[in-house]
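# Observations on chain architecture
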Amino acid sequence: MKQINLFDEPNSMQLPKEEPELASFSIERRDFIDALRSIKRPIHLSRKDMFLLKFDLFVMDNKLLLQLYENEYWVDLKTKGTCRTSLFYKDVMDTLTISKEFWIDVTVKQKTIGLNQVNLTSPTEALDPDKREIPLSAISSPIHSHDNFAVTPDKDFYTLDLQKGFYSETVDKDVKYVRAALKKYNIPKTDIQQFIYSYLKFPKL
């Protein structure tokens, strides 16, 4: 009877193949925290609901998009690969808050996302690497019971017809986006602000 040589025969106890990397980038820890706080600030949830809150992270051509309901935050930085992943907000925020590292190296795989030495579970889908524009799924309004533009007493601005309310951070963000889009026309920031403000009113105290 011929003895099986383990060095010649394939090992049936091979280690599972490592997940392929879909995308990666490095971001300053403080910038990541600021981005998460920005998309969360207009949303008021109970402590219990916070554990279920998830946000979408799009990695695109040298830019990131963090999206939580209708709230979006863009970050310009060097990226590798393209993908979309969904993460629990509290898990990521807790990881960043505990970390003492200046830079956070993010590696996104099909089932996990690595934040330096911490790995979180995340369902991820690859995006078309040739796509330069934001995916249509990112600009579609998600269906959710929470209305971020509801007219509530804590809002800083209302539309003239009192149908929508906005936080000052939302208005400031839109001013920046419009200014960036119209940069070639050298339109002053104050003019853009005044134009938007002309369609808003302060809530009565």
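The structure contained in this document is the topic of the report that follows. Quantities reported herein were computed from a predicted structural model and do not represent experimental measurements.

On to the packing of helix 1 (residues 29–40) against helix 3 (residues 89–98). Where helix 1 contacts helix 3, the two axes come as close as 10 Å, and the packing angle between them is 150°. The hand of the helix 1/helix 3 crossing is left-handed. Contacts between helix 1 and helix 3 involve R29, F32, I33, L36, R37, I39 and K40 from the first element and Y89, V92, M93, L96 and T97 from the second. Looking at side-chain class alone, the contact of helix 1 with helix 3 contains eight nonpolar, one polar and three charged residues.

The next thing to look at is the sheet that holds strand 3 (residues 63–68). Ordered by their spatial adjacency, five strands build an open sheet running 4-3-2-6-10, and the pairing between neighbours is antiparallel. The open sheet terminates on both sides in strands that have one partner only, identified here as strand 4 (71–76) and strand 10 (124–126). Going across the sheet, the axis of each strand differs from the next one's by a mean of 15°, ignoring polarity. Direction of pairing for strand 2 (residues 54–60) relative to strand 6 (residues 83–88): antiparallel, over a ladder of six bridges. Following the sheet pairing, F55 is matched in strand 6 by L87. Across the sheet, helix 3 is in contact with strand 2 and strand 6; its angle to strand 6 comes to roughly 85°.

Let us look at the layout of surface pockets. Computed from the structure, the largest pocket encloses a volume of approximately 330 Å³. S38, Y73, E169, K173 and K176 are the residues nearest the centre of the largest pocket, which is lined by 15 residues in total. Split by residue class, the lining of the largest pocket holds five nonpolar, three polar and seven charged. By volume, the second largest pocket amounts to about 150 Å³. Residue assignment for the lining of the second largest pocket shows that the elements contributing at least two residues are strand 4 and helix 5 (168–181). Partitioned by chemical class, the residues of the lining of the second largest pocket number four nonpolar, no polar and three charged.

What follows deals with the environment of Q110. Here Q110 lies in the loop between strand 7 (103–109) and strand 8 (112–115). Since its relative accessible area comes to 45%, Q110 is described here as partly exposed. Remark: the alpha-carbon pair of Q110 and R84, spanning 26 residues in sequence, is separated by 9.9 Å. Beyond its immediate sequence surroundings of up to four residues, Q110 is in contact with E19, P20, L22, S122, P123 and T124.

What counts as what
Residues numbered from 1 in each chain as written. Predicted model: local features only at pLDDT ≥ 70, side-chain atom pairs only at ≥ 80, totals over all residues. Heavy atoms only, no water. Axes fitted to C-alpha atoms, helices over the stretch in contact; angles between N-to-C directions. Helix = DSSP H or I, 4+ residues; strand = E, 2+ residues; numbered from the N terminus. Left-handed = near helix turned anticlockwise from the far one by under 90°. Contact = heavy atoms within 4.5 Å. Nonpolar A, V, L, I, M, F, W, Y, C, P; charged D, E, K, R; others polar. Pairing = 2+ DSSP bridges. 1 Å grid on protein atoms, 1.4 Å probe; cavity = no way out; pocket = protein on both sides within 12 Å on 5 of 7 lines; lining within 4 Å. Points joined across faces, edges and corners; volume = space filled by probe spheres on them. Buried < 20%, exposed > 50% of the residue type's maximum accessible area, 1.4 Å probe, protein only.

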